[in-house]
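Here are the chains, one letter per residue:
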Amino acid sequence: MSIVHDTPLGPLHLDASPRGLTLLGFSPAASDEPRDADAERVLDLARREIDAYFAGTLREFTVPVDLDTHPAWDRRVLDGLASVGYGETVSYGKLAAAVGLGPVDARRVGGAMARNPVAIVVPCHRVVGADGSLTGYAGGLERKRTLLDLEGRDQLLF
């Protein structure tokens, strides 16, 4: 059972385990474990932080994320997003290199971004094409542009 939280980008669907946020997405998904008091606290923190992010007062999420059921390879790539700060972007190829992969793995990085179950909190919207163009985003390119604009700049890291 997921909750829905209204945001300027439309409804976000959230779910959590006792260990952290397991879902933050634009499409509904079914929960595969019942929530408890710890999961409720995670969801409450996630809602408050999402609101602060959209209000422009939060630049770094502290809500814990639980990706334990996600493939290890994807987790490696998603963990690499921690180095891409608020208002910054990185190319798929540069992110691949940052997590110790080769340039041919840029497409696989794109796949990991597409499977990111906790969009915005794990900021896959900050990953762009090698030329800085907006490519791929499960929530749609318009939302990706809005998130990047919200963060105030669209600058490729070198």
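Our subject in this report is the structure included herewith.

Quick notes on the rules
- Residues numbered from 1 in each chain as written.
- Predicted model: local features only at pLDDT ≥ 70, side-chain atom pairs only at ≥ 80, totals over all residues.
- Heavy atoms only, no water.
- Phe/Tyr/Trp six-rings, centres within 6.5 Å; stacked < 30°, edge-to-face > 60°.
- Buried < 20%, exposed > 50% of the residue type's maximum accessible area, 1.4 Å probe, protein only.
- Helix = DSSP H or I, 4+ residues; strand = E, 2+ residues; numbered from the N terminus.
- Lys NZ or Arg CZ within 6 Å of the ring centre and 35° of its normal.
- Pairing = 2+ DSSP bridges.
- Axes fitted to C-alpha atoms, helices over the stretch in contact; angles between N-to-C directions.
- Contact = heavy atoms within 4.5 Å.

Re the packing of aromatic side chains
Two numbers describe a pair of aromatic rings. These are the distance of the centres and the angle of the planes. Using the criterion set out here, one finds four aromatic pairs in the structure. On the basis of an interplanar angle of 75 degrees and a centroid distance of 5.4 Å, the ring pair of Tyr 53 and Phe 54 is categorised as edge-to-face. Accessibility classification places Tyr 53 together with Phe 54 in one group, the buried group. A ring pair is formed by Tyr 53 and Tyr 86, whose centres lie 6.3 Å apart and whose planes are at 80 degrees; its orientation type is edge-to-face. Taken together, the residues span a long stretch of sequence, with Tyr 53 in helix H1 (residues 37-55) and Tyr 86 in the loop between helix H2 (72-80) and strand E4 (88-91) at a distance of 33 residues. A connected cluster of aromatic rings, assembled from ring pairs, spans Tyr 53, Phe 54, Phe 61 and Tyr 86. The positively charged end of Arg 108 is found above the aromatic ring belonging to Trp 73, 4.0 Å away from the centroid.

A few points about the environment of His 13
For His 13, the location among the structural elements is in strand E2 (residues 10-17). Accessibility expressed as a relative area gives 12% for His 13, which makes it buried. For the pair formed by His 13 and Ala 114, sequence separation is 101 residues and the distance between their alpha carbons is 16 Å.

Description of the pairing of E2
Among the eight residues of E2, seven are classified as buried, and the element is accordingly described as predominantly covered. Of the pairings in the sheet, the one linking strand E1 (residues 3-7) to E2 comprises five bridges and is antiparallel in character. The residue bridging Asp 6 from the neighbouring strand is Pro 11, located in E2. Here E1 folds back onto E2, and the loop between the two strands holds two residues. Here E2 runs beside strand E3 (residues 20-25); their pairing, made up of five bridges, is antiparallel. Residue Ala 16 lies in a different strand from E3, and its bridge partner there is Leu 21.

A look at the sheet that holds E1
Pairing within the open sheet is antiparallel, and its three strands lie in the order E1-E2-E3. A single partner strand is all that each edge strand has here, and the edge strands are E1 and E3. On average, each strand axis in the sheet is tilted by 30 degrees relative to the strand beside it, whichever way the strands run. Across the face of the sheet, H1 comes into contact with E1, E2 and E3 while running at roughly 145 degrees to E2.

In short, geometric facts, not functional conclusions.
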